[in-house]
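Summary of structural features
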Number of protein chains: 2
Amino acid sequence: MQERIRAWMHEHTEEAVQFLSALVQEASLSGQEAEAQRQVADKLATLGLTVDTWEPGGEELIRHPYFCSPRQLFSGSPNVVGVWKGTGGGRSLILNGHVDVVPPGDTSRWTDDPYSGKVADGRVYGRGTTDMKGGNVSLLLAIQCLKELGVQLKGDVIFQSVIEEESGGAGTLATVLRGYTADAAIIPEPTGMKIFPKQQGSMWFRIRVRGWAAHGGTRYEGVSAIEKSLLVIEAVRSLEQKRNETINDPLYAATPIPIPINIGKISGGDWPSSVPDLVVLEGRMGVAPEEELDAARRCLADALMRIEDDWLRDSPPELEWFGAQWVPSSLETEHELMNCLVDAYRNVTKEEPVVEAAPWGTDGGLLAKVGGTPAVVFGPGTTALAHYPDEHIEIARMMTCAEVIALAVLQWCREEK
Amino acid sequence: MQERIRAWMHEHTEEAVQFLSALVQEASLSGQEAEAQRQVADKLATLGLTVDTWEPGGEELIRHPYFCSPRQLFSGSPNVVGVWKGTGGGRSLILNGHVDVVPPGDTSRWTDDPYSGKVADGRVYGRGTTDMKGGNVSLLLAIQCLKELGVQLKGDVIFQSVIEEESGGAGTLATVLRGYTADAAIIPEPTGMKIFPKQQGSMWFRIRVRGWAAHGGTRYEGVSAIEKSLLVIEAVRSLEQKRNETINDPLYAATPIPIPINIGKISGGDWPSSVPDLVVLEGRMGVAPEEELDAARRCLADALMRIEDDWLRDSPPELEWFGAQWVPSSLETEHELMNCLVDAYRNVTKEEPVVEAAPWGTDGGLLAKVGGTPAVVFGPGTTALAHYPDEHIEIARMMTCAEVIALAVLQWCREEK
């Protein structure tokens, strides 16, 4: 069977590249996913899957404790799910990928149009190729291949093309609330073909540090919010160190800081010769795979409370959680889906896979935490190219990934539950 | 004579308040000084002074090493100088005040219109009352009083109503280049009736600290410009400490930090979950009364060069001097004008004056450094109200100041050179 899969992939490379190229040409930014989703839904229908297209929304979604999105209305932004029903009794599998892409940024830094979908040097170029339409195409290829080779699976395969991953996972949350769960899930985010059974979660925070304004010439009459923010930054640094000292998971052995706390933005003061009375820090807090978001939130709040400084005791830093969040996720490395994937990887590549913990979150956290569907992340894209100019994907890797996933699906879904 | 001066002031308080109120109602922001200057010129003409009104400009001004202004054209922004010629052989005196005011800022924080000129509770309210039209009115009152009391002075009195003090002194520099110098000068900036023979200079700086961008989840792959900027802030702090340890002037005895270096603004990074690759700091460096601006500039540049950090050695902080500067100024406390002022203050108030060094610069630095006219700063306004909402001046203090200055002028200008 493995030989037949490989041959099929070989024959369908050009078709796959054309499909990816067309999908990339649809700039499926948040709010503009409809046309790309139509292409995906058409493909699923052609493959004979039962297609479910709907616009997420409603009170259950918006009021859900894990709902996190800058918008509450998703009209024109459908989710698409395609179900390949098994013959029964087998293990089901969700194959989940997001269709939304991040904005291109400064387009002058792109060699071509960000949505060119250009094919050159064995690569497809454009926003979303690596993150993660290339991965989605790997999933679709795996399904199409098994279908066309006449495979019958016992368990269901549930393909999901979701919106809103980049802003916190409202699309995937909506699939769970619609009833889509399974015995496990694969998410082909750009791991560079590494296998990530665990994923770091993350949350964005904002800290306001207050001072007292004065003229710069008599700065001793004021309290500099910049100087006080240094104490806050030090406290965050030392909290990061403390939290990471407790991480001894071997999956993090190669990671210098498993769950970093990044301060990404600072701004304060409005005049060179005034003592600044406000500094705002914004950052991203990493959450350990087995940690609760709330526990991590408390860690940071406590660290800010414990800063030993008379001024900050009276005017404590104000902590706010805002913007996106990604729920962490953890699958035991001995999980049967891991075995399926690792075996498939070895068989296809003749190499040993790299198994690590992801330094970023995916929708896998929501699948696991809310849907009870444990997830593993494995995809053909390159982490470092995601969100960058001249984003692209290696076609050969996309095909290899499809081959590995086809084998893993075969092994997982043909087994009895 | 002192009794006659006091009686005259008493009789002319209402007239003075009306004049100040009208002057404040002219919003003489940079570029909008013409109407206020016309009022001043009319007043000087009425008093019988020789009035010189001109718009500064030309190569000599613009190319002057001490020229500092955000603009190079001053059409519609005249300087006004009025000369009261002495009988000859006496010491001359410049009485210098600026007519430009800073913007009102957030007008919702003002109780009345910022240019109301409202009179209430023994005060006149409005932008420029304290800084420094109230002081200018004290000067004009002193001249008018001595004139109307029939005083004949040996030395010339040169009254100057200048533009552009708030942005670096181009107006006063233009008076010097036009030939106006004297044996000494009084500037009634808002000292709260303290006498400042020395004034701190200041300059604005901008420091760019570079890092290396990376994703926040793998922040160890980048270099945080925020973390590197902490080293820069520490270096600035320790330079400030070192510089201030060398100041042992008794005039600074009551000043916690005689020449502070204030970091007033910080901004860096553009995304919470990215490692910031640039932080920009902006601040104000205090310059000691006897120090050269260039020497102070070198101090900061050297301190930044000496930071011990491998990254900053390869990507050194970029230092830029921008915006306004004020030249420092220093008059010996035993100078004869100091004696005149201190005596006059004692005689008028029956109290001992506070003699200190100013924590901020004035146009006195330019008068002294470029014009060779040593200056002392003494005025009725309140430092803390300058540039703030609901700026106002105590009418009684403005009158007392006028009385002190009238006596000092009398004593200074009646003496032989």
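Since this is a predicted model, take the numbers as computed values, not measurements.

What counts and how
- Residues numbered from 1 in each chain as written.
- Chains lettered and ligands numbered in written order.
- Predicted model: local features only at pLDDT ≥ 70, side-chain atom pairs only at ≥ 80, totals over all residues.
- Helix = DSSP H or I, 4+ residues; strand = E, 2+ residues; numbered from the N terminus.
- Rg over C-alpha atoms; globule rule 2.2 N^0.38 Å.
- Buried ≥ 20, exposed ≤ 12 C-beta atoms within 10 Å, placed from the backbone.
- Axes fitted to C-alpha atoms, helices over the stretch in contact; angles between N-to-C directions.
- Parallel < 35°, antiparallel > 145°, perpendicular 65-115°, else oblique.
- Left-handed = near helix turned anticlockwise from the far one by under 90°.
- Contact = placed C-beta atoms within 7 Å.
- Pairing = 2+ DSSP bridges.
- Nonpolar A, V, L, I, M, F, W, Y, C, P; charged D, E, K, R; others polar.
- Least-squares fit on C-alpha atoms with pLDDT ≥ 70 in both.
- pLDDT = per-residue confidence, 0-100.
- Domains from an automatic or database assignment.
- Expected span 1.5 Å × (residues − 1).
- Arc of directions from axis to C-beta.

With that out of the way, let us pick up the overall build of chain A. Along the backbone of chain A there are 12 helices and 16 strands. Scaling as 2.2 N^0.38, a compact globule of 417 residues should have a C-alpha radius of gyration of about 22 Å, and chain A matches this with 23 Å. Projected onto the principal axes, the alpha-carbon positions of chain A cover approximately 80 × 45 × 45 Å. Going through the 417 residues of chain A one by one, you find that 55% of them count as buried.

Residue and element names in this part refer to chain A. Two elements in contact, helix α5 (residues 129-148) and helix α12 (residues 395-413), have axes separated by 8 Å at closest approach and are oriented at 50°. Here α5 is positioned oblique relative to α12, judged by the angle of their axes. Between α5 and α12 lies a crossing of right-handed hand. Here G134, V137, S138, L139, L141, A142, C145 and L146 of α5 come into contact with α12, specifically with M398, C401, A402, I405, A406, V409 and L410.

Before going further, it helps to spend a moment on the sheet that holds strand β4 (residues 119-120) of chain B. Residues and elements named next belong to chain B. The sheet built from three strands is open, its strands ordered β4-β5-β16 with antiparallel pairing. Pairing within the sheet leaves two strands with one partner each, and these edge strands are β4 and β16 (392-394). Sheet topology places β4 next to strand β5 (residues 123-125); two bridges connect them, and they run antiparallel. Note that in β5 the partner of V119 across the bridge is V124. In the packing of helix α5 (residues 129-148) onto the sheet, contacts are made with β5 and β16, and the angle to β16 comes to roughly 45°. Set on the sheet, helix α12 (residues 395-414) makes contact with β5 and β16; between it and β16 the angle comes to about 60°.

Attention now goes to the environment of Q39(A). Of note, Q39(A) is situated in helix α3 (residues 34-46). Beyond its immediate stretch of four places on either side in the chain, Q39(A) contacts A22(A), L23(A) and E26(A).

Residues and elements named next belong to chain A. Taken in spatial order, the three strands make up an open sheet running β4-β5-β16, and their pairing is antiparallel. Two strands in the sheet have a free side with no partner beyond their single neighbour: β4 (119-120) and β16 (392-394). Its contacts with the sheet put helix α2 (residues 13-25) on β4 and β5 (123-125), and the angle it makes with β5 is roughly 15°.

Every contact between the two is made by 38 residues of chain A and, on the other side, 38 residues of chain B. Mapped by element, the contributors of at least two residues to the side of chain A that touches chain B are β9 (201-210), α7 (225-245), β10 (261-268) and β11 (278-287) of chain A. Here the side of chain A that touches chain B gets seven residues from one element, more than from any other, and that element is β10(A). Looking at the side of chain A that touches chain B residue by residue, the class counts come to 17 nonpolar, 16 polar and five charged. Relative to strand β10 (residues 261-268) of chain B, β10(A) runs antiparallel, the two being bridged by three bridges. Opposite S267(A), over in β10(B), you have S267(B) as the bridge partner.

Note: a rotation about an axis with an accompanying shift along it relates these two copies of the chain. For these two chains of identical sequence, chain A goes onto chain B by a turn of 179° and a shift of 0.0 Å along the axis, with RMSD 0.1 Å. The superposition operator between the copies reduces to a two-fold rotation axis. Among all residues of chain A, the one whose C-alpha sits closest to the rotation axis is S267(A), at a distance of 2.1 Å.

With that settled, consider the confidence of the model for chain A. Caution applies to low-pLDDT regions: their predicted coordinates should not be interpreted in detail. Looking at chain A, pLDDT values average 96 and 100% of them are 70 or higher. With a pTM of 0.88, the predicted complex shows an ipTM of 0.87.

Along the chain, the position of P188(A) falls in the loop between β7 (185-187) and β8 (195-199). Along the chain, P188(A) and F67(A) lie 121 residues apart, while their C-alpha atoms are 22 Å from each other.

All names here are of chain A. Domain boundaries in chain A define domain 1 (2-199 + 328-413) and domain 2 (202-326). For domain 1 and domain 2, the distance between their C-alpha centroids amounts to 35 Å. Taken together, the contact between domain 1 and domain 2 spans 17 residues of the former and 15 residues of the latter. Looking at the side of domain 1 that touches domain 2 element by element, the count peaks at three residues for strand β14 (residues 355-358). The residue makeup of the side of domain 1 that touches domain 2, split by class, is six nonpolar, nine polar and two charged.

Turning to α3(A), a few remarks are in order. An α-helical turn contains 3.6 residues, so any two residues separated by three or four positions project in the same direction. Residues and elements named next belong to chain A. Look at α3: 18 Å from first C-alpha to last across 13 residues, which is about the 18 Å you get at 1.5 Å a residue. What α3 keeps buried is the set A36, Q37, V40, K43 and L44. Buried residues of α3, seen end-on, are gathered within an arc of 120° and therefore sit on one face of the element. Those residues of α3 that are exposed and aimed more than 90 degrees away from the buried face are E35, D42 and T46. Following α3 by one or two positions, G48 has its phi on the positive side, about 90°.

All names here are of chain B. With respect to the helices and strands, A213 occurs in the loop between β9 (201-210) and α7 (225-245). On a C-alpha basis, the gap between A213 and G150 in space is 74 Å, while along the polypeptide they are 63 residues apart. Apart from the residues within four sequence positions on either side, A213 is in contact with G222, S274, V275 and D277.

Residues and elements named next belong to chain A. Counted at 1.5 Å a residue, the expected span for helix α10 (residues 336-349) with its 14 residues is 20 Å, and the 20 Å between its end C-alpha atoms agrees. Taken together, the buried positions of α10 are occupied by L337, M338, C340, L341, V342, A344, Y345 and V348. Against the buried residues of α10 lie β8, β15 (375-377) and α12. K350 sits one or two residues past α10 and shows a positive phi near 60°.

Take the pairing of strand β3 (residues 93-98) of chain A next. All names here are of chain A. Within β3, six of the six residues are buried, which leaves it mostly tucked inside the rest of the structure. Of the two faces of β3, the one carrying L93, L95 and G97 and the one carrying I94, N96 and H98 are both buried. Pairing analysis gives six bridges linking β3 to strand β6 (residues 157-162), with the strands arranged parallel. Bridging from a neighbouring strand, G97 pairs with S161 of β6. With two bridges connecting them, β3 and β7 associate as parallel partners. Directly across from L95, in β7, lies its bridge partner I186.

A few words on unusual backbone geometry. All names here are of chain A. In the segment running from D131 into M132, the intervening peptide bond is cis, with an omega of -5°. The residue M132 is located in helix α5 in this model. Not every positive phi belongs to a glycine, and K350 is a case in point at roughly 60°. By the secondary structure assignment, K350 is in the loop between α10 and β14. For K350, a count of 7 C-beta atoms within 10 Å corresponds to the exposed category.

Residues and elements named next belong to chain B. Two elements in contact, α7 and helix α8 (residues 293-305), have axes whose closest approach is 9 Å; the angle formed by their N-to-C orientations is 135°. In this view, α7 runs oblique relative to α8, as classed from their interaxial angle. The handedness of the crossing between α7 and α8 is right-handed. Along its contact with α7, which presents V232, A235, V236, L239 and R243, the element α8 presents C299, L300, A303 and L304.

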